[in-house]
Amino acid sequence: MTKIKTFDGSVFDIADDRVEFAFTGIDGFAKRAFDYTTSLSLILFTLPLLLAIAVIIKLQDGGPIMFSHKRCGQGGRLFPCLKFRTMRTNADKALEELLARDPAAREEWHRTRKLKNDPRITPIGRFLRKSSLDELPQLFNILRGDMSLIGPRPVTTQELDRYGALLAYYYAARPGITGMWQVNGRNRLTYEERVIYDAEYVRDWTFARDVKILVKTVPAVLSFDGAC
């Protein structure tokens, strides 16, 4: 058994392979229905904004409007996680060159998988990230059933090892556009703290908590709280 202390003082006491799928039965149906109807309403409401952002990105450098990256979903299923493109078209090469020459950036990337001063990001991309508007296309991921409005942050296969004994909790739920770590410090948190928040959310899920997180997301985004 593995014991991991959480932020509320409780303790995870689990076997790596003993966590069942969360949100089954009527709870799962209610969560999925809420996700679908809310995301569809938000797409219709923000359609003019979505189109405006798409035009600005296209006019900026002529590159793709969307960026799709493989992330791990419920049960470990891979899916294309959508975002508005916020980086230069040669972003991968720029990152490789930066990490090769800058030890501090390399250490930051290894620790958080993010860079506070990322040279790959375009001017409009920096605004989209700070405002979290780059994640609006993930509403379409919710319609497809890949994601939920609230859940663990969607991670890459390379990040799964960071979850350790708590990986089963991540696999038990659909990843969310927002979640516990986004309303509790976002990028000020260590990766280990994010993992505990994700697992704690799945273990203690209630519909009321989902509503509370969704309400808290609005001021967190508007204040750029912890945004990179």
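Above this text is the structure in question.
Residues numbered from 1 in each chain as written. Predicted model: local features only at pLDDT ≥ 70, side-chain atom pairs only at ≥ 80, totals over all residues. Heavy atoms only, no water.

(A) Focus on the packing of aromatic side chains. In this structure the tally under the stated criterion is four aromatic pairs. For the ring pair Phe34 and Phe207, a centre distance of 5.3 Å and an interplane angle of 80° mean the geometry is edge-to-face. Here Phe207 lies in helix α8 (residues 207-222) and Phe34 lies in helix α1 (residues 25-61), a separation of 173 residues in the sequence. Residue Phe34 is classed as partly exposed on the basis of its relative accessible area of 24%. Their ring planes at 55° and their centres at 5.2 Å tell us that Tyr163 and Tyr170 sit as a pair that is tilted. A residue is classified by how much of its surface remains accessible, and Tyr163, at 3% relative accessible area, is buried. The positively charged end of Arg162 is found above the aromatic ring belonging to Tyr191, 4.3 Å away from the centroid. (Phe/Tyr/Trp six-rings, centres within 6.5 Å; stacked < 30°, edge-to-face > 60°. Helix = DSSP H or I, 4+ residues; strand = E, 2+ residues; numbered from the N terminus. Buried < 20%, exposed > 50% of the residue type's maximum accessible area, 1.4 Å probe, protein only. Lys NZ or Arg CZ within 6 Å of the ring centre and 35° of its normal.)

(B) Highlighting the pairing of strand β4 (residues 78-84). The pairing of strand β3 (residues 66-72) with β4 spans seven bridges and is classified as antiparallel. Looking at the pairing, His69 lines up with Cys81 of β4. Joining the antiparallel neighbours β3 and β4 is a turn of five residues, in which Gly75 adopts a positive phi near 75°. (Pairing = 2+ DSSP bridges.)

(C) Highlighting helix α7 (residues 191-203). The terminal C-alpha atoms of α7, which comprises 13 residues, lie 19 Å apart, in line with the 18 Å expected from a rise of 1.5 Å per residue. Of all the positions in α7, only Tyr191, Arg194, Val195, Ile196, Tyr197, Asp198, Ala199, Glu200, Tyr201 and Val202 are classed as buried. (Expected span 1.5 Å × (residues − 1).)

(D) Highlighting the side chain of Arg85. The topology assignment puts Arg85 in the loop between β4 and α2 (91-101). Judged by relative accessible area, Arg85 falls into the buried class, the value being 6%. At a separation of 2.5 Å, a polar atom in the side chain of Arg85 contacts the main-chain carbonyl oxygen of Pro64. Within the local environment of Arg85, its side chain forms a polar contact with the backbone oxygen of Met87, the two atoms lying 2.8 Å apart. For Arg85, the contacting residues outside a window of four places in its chain are Ile57, Asp61, Gly63, Pro64, Ile65, Met66 and Phe67. (Polar contact = N/O pair within 3.5 Å; in protein donor to acceptor, adjacent residues only side chain to side chain. Contact = heavy atoms within 4.5 Å.)

(E) Fine view of the packing of α1 against helix α4 (residues 123-131). At a closest axis distance of 10 Å, the pairing of α1 and α4 adopts a crossing angle of 150°. On the basis of the axis angle, α1 is roughly antiparallel to α4. Two secondary-structure elements touch here, α1 through Ile53, Ile56, Ile57 and Gln60 and α4 through Pro123, Ile124 and Leu128. When the residues that make up the contact of α1 with α4 are grouped by side-chain class, the tally is six nonpolar, one polar and no charged. (Axes fitted to C-alpha atoms, helices over the stretch in contact; angles between N-to-C directions. Parallel < 35°, antiparallel > 145°, perpendicular 65-115°, else oblique. Nonpolar A, V, L, I, M, F, W, Y, C, P; charged D, E, K, R; others polar.)

In short, shape yes, function no, at least from these values alone.
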